[in-house]
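Working through the structure, step by step
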Amino acid sequence: MSSSIVGQEYVLKMKDLENTSLRGRVAFGIRCFENVLLELHYNLVEWKPVLEKLWLFTSIKYLDDWSGMIAEIIPDNLLEFRAYEEHDFEYLDERSFEYLYNLYRKTDENIDVLITAIYNIGTSHAYSIIEKKGQESLRELEILVRYMAKIGVSIPDVTEFKRFSISENRGWGNRFEGKSISCIL
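Residues numbered from 1 in each chain as written. Predicted model: local features only at pLDDT ≥ 70, side-chain atom pairs only at ≥ 80, totals over all residues. Heavy atoms only, no water.

Below, the discussion takes up the state of the cysteines. Applying the stated rule across the entire model yields zero disulfides. Considering cysteine sulfurs only, cysteine 183 is the nearest to cysteine 32, which forms no disulfide, with 10 Å between them. The class of cysteine 32 is buried, set by a relative accessible area of 0%. Accessibility expressed as a relative area gives 36% for cysteine 183, which makes it partly exposed. (Disulfide = S-S within 2.5 Å. Buried < 20%, exposed > 50% of the residue type's maximum accessible area, 1.4 Å probe, protein only.)

We now examine the packing of aromatic side chains. The relative placement of two aromatic rings is captured by the distance of their centres and the angle of their planes. Within the structure shown, the criterion is met by 13 aromatic pairs. Ring geometry for phenylalanine 33 and tryptophan 47: centres 6.0 Å apart, planes at 85°, overall edge-to-face. One end of the pair, phenylalanine 33, is in helix 2 (residues 22-39); the other, tryptophan 47, is in helix 3 (residues 44-55), with 14 residues separating them in the sequence. Residue class for phenylalanine 33 comes out buried when judged on its relative accessible area of 0%. (Phe/Tyr/Trp six-rings, centres within 6.5 Å; stacked < 30°, edge-to-face > 60°. Helix = DSSP H or I, 4+ residues; strand = E, 2+ residues; numbered from the N terminus.)

Judged by nonpolar contacts, the single largest core of 55 residues is most densely connected at Phe28, Phe33, Trp47, Val50, Leu54, Tyr104 and Leu144. Secondary structure elements with two or more residues in this core: helix 2, helix 3, helix 4 (63-73), helix 6 (94-105), helix 7 (109-123) and helix 8 (135-151). At nine residues, the largest contribution of residues to this core is made by helix 2. Residues in contact with phenylalanine 33, not counting those within four places in the same chain, are Trp47, Val50, Leu51, Leu54, Ile111, Leu114, Ile115 and Ile118. (Core = buried A, V, L, I, M, F, W, Y, C linked by side-chain atoms within 4.5 Å. Contact = heavy atoms within 4.5 Å.)

Pairs may arise between side chains of opposite charge once their charged atoms sit close together. In this structure the tally under the stated criterion is six salt bridges. Here glutamate 18 makes a salt bridge to lysine 15, at a shortest N to O gap of 3.9 Å. For glutamate 18, a relative accessible area of 24% gives the class partly exposed. A relative accessible area of 56% means that lysine 15 is categorised as exposed. With a closest N to O distance of 2.9 Å, glutamate 142 and arginine 146 form a salt bridge. In this pair, glutamate 142 and arginine 146 both sit in helix 8, four residues apart, roughly one turn of the helix. Given a relative accessible area of 26%, glutamate 142 falls into the partly exposed group. (Salt bridge = Lys/Arg side-chain N within 4 Å of Asp/Glu carboxyl O.)

This paragraph deals with the confidence of the model for the protein chain. In this model, the protein chain carries an average pLDDT of 91, and 93% of its residues clear a pLDDT of 70 or more. Low confidence marks residues 1-5, where pLDDT is under 50. Its contacts with residues over four positions away, or in another chain, come to two contacts. (pLDDT = per-residue confidence, 0-100.)

When we look at burial in helix 3, the residues that qualify are Trp47, Val50, Leu51, Leu54 and Trp55. Considered in projection along helix 3, the buried side chains sweep an arc of 130° and stay on one side of the axis. Where helix 3 is buried, its residues meet helix 2, helix 4, helix 6 and helix 7. (Arc of directions from axis to C-beta.)

Turning our attention to the side chain of glutamate 34. Topologically, glutamate 34 is positioned in helix 2. Judged by relative accessible area, which is 0%, glutamate 34 ranks as buried. Other than its neighbours up to four places away in sequence, glutamate 34 contacts Leu51, Trp55, Ser182, Cys183, Ile184 and Leu185.

So this is what it looks like as structure tokens:
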């Protein structure tokens, strides 16, 4: 099957997420990241601290806390610094910084692209209600889905994410425990 046909299939599945809340869309993005970890044979135990932080989006009360934390752990952002003291981290302690620094140094660009994409989906409607279908987050989600097609990693079944309705909580969706739908945690 050609990559363009595969890419079209990925994008067609995106239509199924139009009525999914922002929390559900971020959860879908995190599950995409988990698929990359699984299918590209990363050491899953090493990635649990990152996944724990990403999954907080589904249950966190204030977006500022999640976005600040994730901005600090995006690989390109974190790897700008060789030592913890070079930056005034708000959410990372020195031990966590060193752990992530060493983890990221041995990964490829897929990790940075995906964590950044999840961050962009999660912050796409910052400080606003989601109008209509939430086009900003759908655009960011499409970037992630197209990237998944490009690297040849399967996307999760969208069916389980449809239950997180865009009609709940002004498009953000109700809070839920994301780890319960994780395929790694």
